[in-house]
Amino acid sequence: MWRPKRTGRASTDGRPGRPGRPGRPGRPGRPGRTGRPRAGIPLLARLRVGTKLMLLVLLPVSGLLAFTVFSAVTDWREARTLRDFRTATRVSFALTALTEALARERLAEVLVAAAPDRRGVTAERDAARRATDRALTAARDGAADGPGQPDVLGQLDAKGRQLFATRVEAGGGSFTATETEQTYASLTNDLLNTVHHLDSGRPSRASGRAADG
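### Section: the environment of Glu 109
Part 1 of the reasoning: Within the secondary structure, Glu 109 sits in helix H2 (residues 49-114).
Part 2 of the reasoning: On the accessibility criterion, Glu 109 (2% relative accessible area) is buried.
Part 3 of the reasoning: Separated by twelve residues in the primary sequence, Glu 109 and Val 121 place their C-alpha atoms 8.5 Å from one another.
Part 4 of the reasoning: Once you skip the residues sitting within four places of it in the chain, Glu 109 turns out to touch Arg 125, Arg 129, Arg 167, Ala 170, Thr 180 and Tyr 184.

Encoded structure:
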């Protein structure tokens, strides 16, 4: 049997009809949501124009500043390496002069041990000892400002004590000519090894450019 649709208006038989449902808020015709950004919009697109301009200025400046600081630190390290090498070179020259003085003293000590009655050998030995002492003092003064690796100053102190003991033994006749020569050769070889170690720390070309700049 056909029935008429129910509406909010009164039915034809005089009975009041069921009122229509009121529309839910936010359905057709509702305004868009406010206060919460849409999830699909990127962060940069949600920034204001002033903030974007500030970022465009700060990012290149920050990158340039970081690069400048990194370059300055690198140049400082290279220049410091070159300064240490120059100091080590001066110490190396002083040690080389000391080894030459030790070689002359060794020859004089061997001559005294081999021919003690020979005329003038004692005076030559004493002069050679004084020259060695001056070279040792100069080497110590230079090593005091050295880079610290290796411990040249400590080595010189030890070699100075060993040299003094060798002189006492050789002057008292406890050493033969061969033993005297071997003891001085040991002292000289140790110093030459230190010189080689100092000369092996050659700086790079970048160090030279950094020091010149």
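### Some thoughts on the pattern of salt bridges
Part 1 of the reasoning: In this structure the tally under the stated criterion is seven salt bridges.
Part 2 of the reasoning: When the shortest N-O distance is used, the salt bridge between Asp 133 and Arg 167 registers 3.0 Å. With Asp 133 in helix H3 (residues 121-143) and Arg 167 in helix H4 (residues 152-171), this pair connects stretches of sequence that are 34 residues apart.
Part 3 of the reasoning: Of the residues examined, Asp 133 reaches a relative accessible area of 33% and is grouped as partly exposed.
Part 4 of the reasoning: Here Arg 167 falls in the buried class, since its relative accessible area comes to 13%.
Part 5 of the reasoning: Counted as one network, the salt bridges with shared partners bring together Glu 105, Asp 133 and Arg 167.

### What about the confidence of the model for the protein?
Part 1 of the reasoning: Predicted confidence across the protein gives a mean pLDDT of 76, with 68% of residues reaching 70 or more.
Part 2 of the reasoning: Highest mean pLDDT in the protein belongs to H3 (92); lowest belongs to helix H6 (residues 205-212) (46).
Part 3 of the reasoning: Segment residues 204-213: pLDDT under 50, and eleven contacts once partners within four positions in sequence are set aside and those in other chains are kept.

### Quick word on the packing of H3 against H4
Part 1 of the reasoning: Between H3 and H4, whose axes approach to 9 Å, the crossing angle comes to 165 degrees. For the element pair H3 / H4, the angle class is roughly antiparallel. Seen along the crossing, H3 lies across H4 with a hand that is left-handed. On H4, the residues touching Arg 125, Arg 129, Thr 132, Asp 133, Leu 136, Ala 139, Arg 140 and Ala 143 of H3 are Val 152, Leu 153, Leu 156, Asp 157, Gly 160, Leu 163, Arg 167 and Gly 171.
Part 2 of the reasoning: For the contact of H3 with H4, the per-class residue count stands at seven nonpolar, three polar and six charged.

### Details of the environment of Ala 128
Part 1 of the reasoning: With respect to the helices and strands, Ala 128 occurs in helix H3.
Part 2 of the reasoning: Take Ala 128: its relative accessible area is 12%, and that puts it in the buried class.
Part 3 of the reasoning: Along the chain, Ala 128 and Glu 109 lie 19 residues apart, while their C-alpha atoms are 9.0 Å from each other.
Part 4 of the reasoning: Not counting residues within four places of it along the chain, the set of residues in contact with Ala 128 comprises Arg 104, Glu 105 and Ala 108.

### Description of the nonpolar core
Soluble globular proteins: nonpolar side chains tend toward being buried together.
Part 1 of the reasoning: Formed by 19 residues in total, the largest nonpolar core has its most connected members in Leu 95, Leu 98, Leu 102, Val 152 and Leu 156.
Part 2 of the reasoning: Elements with a minimum of two residues in this core: H2, H3, H4 and helix H5 (177-199).
Part 3 of the reasoning: Residue contributions to this core peak at seven residues, all from H2.

### Quick word on H3
Part 1 of the reasoning: Relative to the 33 Å expected for 23 residues at 1.5 Å per residue, H3 spans 33 Å between its end C-alpha atoms, a close match to the ideal helical length.
Part 2 of the reasoning: Among all positions in H3, only Val 121, Arg 125, Ala 128, Arg 129, Thr 132, Ala 135, Leu 136, Ala 139 and Ala 143 are buried.

What counts, and where the lines are drawn
Residues numbered from 1 in each chain as written. Predicted model: local features only at pLDDT ≥ 70, side-chain atom pairs only at ≥ 80, totals over all residues. Heavy atoms only, no water. Helix = DSSP H or I, 4+ residues; strand = E, 2+ residues; numbered from the N terminus. Buried < 20%, exposed > 50% of the residue type's maximum accessible area, 1.4 Å probe, protein only. Contact = heavy atoms within 4.5 Å. Salt bridge = Lys/Arg side-chain N within 4 Å of Asp/Glu carboxyl O. pLDDT = per-residue confidence, 0-100. Axes fitted to C-alpha atoms, helices over the stretch in contact; angles between N-to-C directions. Parallel < 35°, antiparallel > 145°, perpendicular 65-115°, else oblique. Left-handed = near helix turned anticlockwise from the far one by under 90°. Nonpolar A, V, L, I, M, F, W, Y, C, P; charged D, E, K, R; others polar. Core = buried A, V, L, I, M, F, W, Y, C linked by side-chain atoms within 4.5 Å. Expected span 1.5 Å × (residues − 1).

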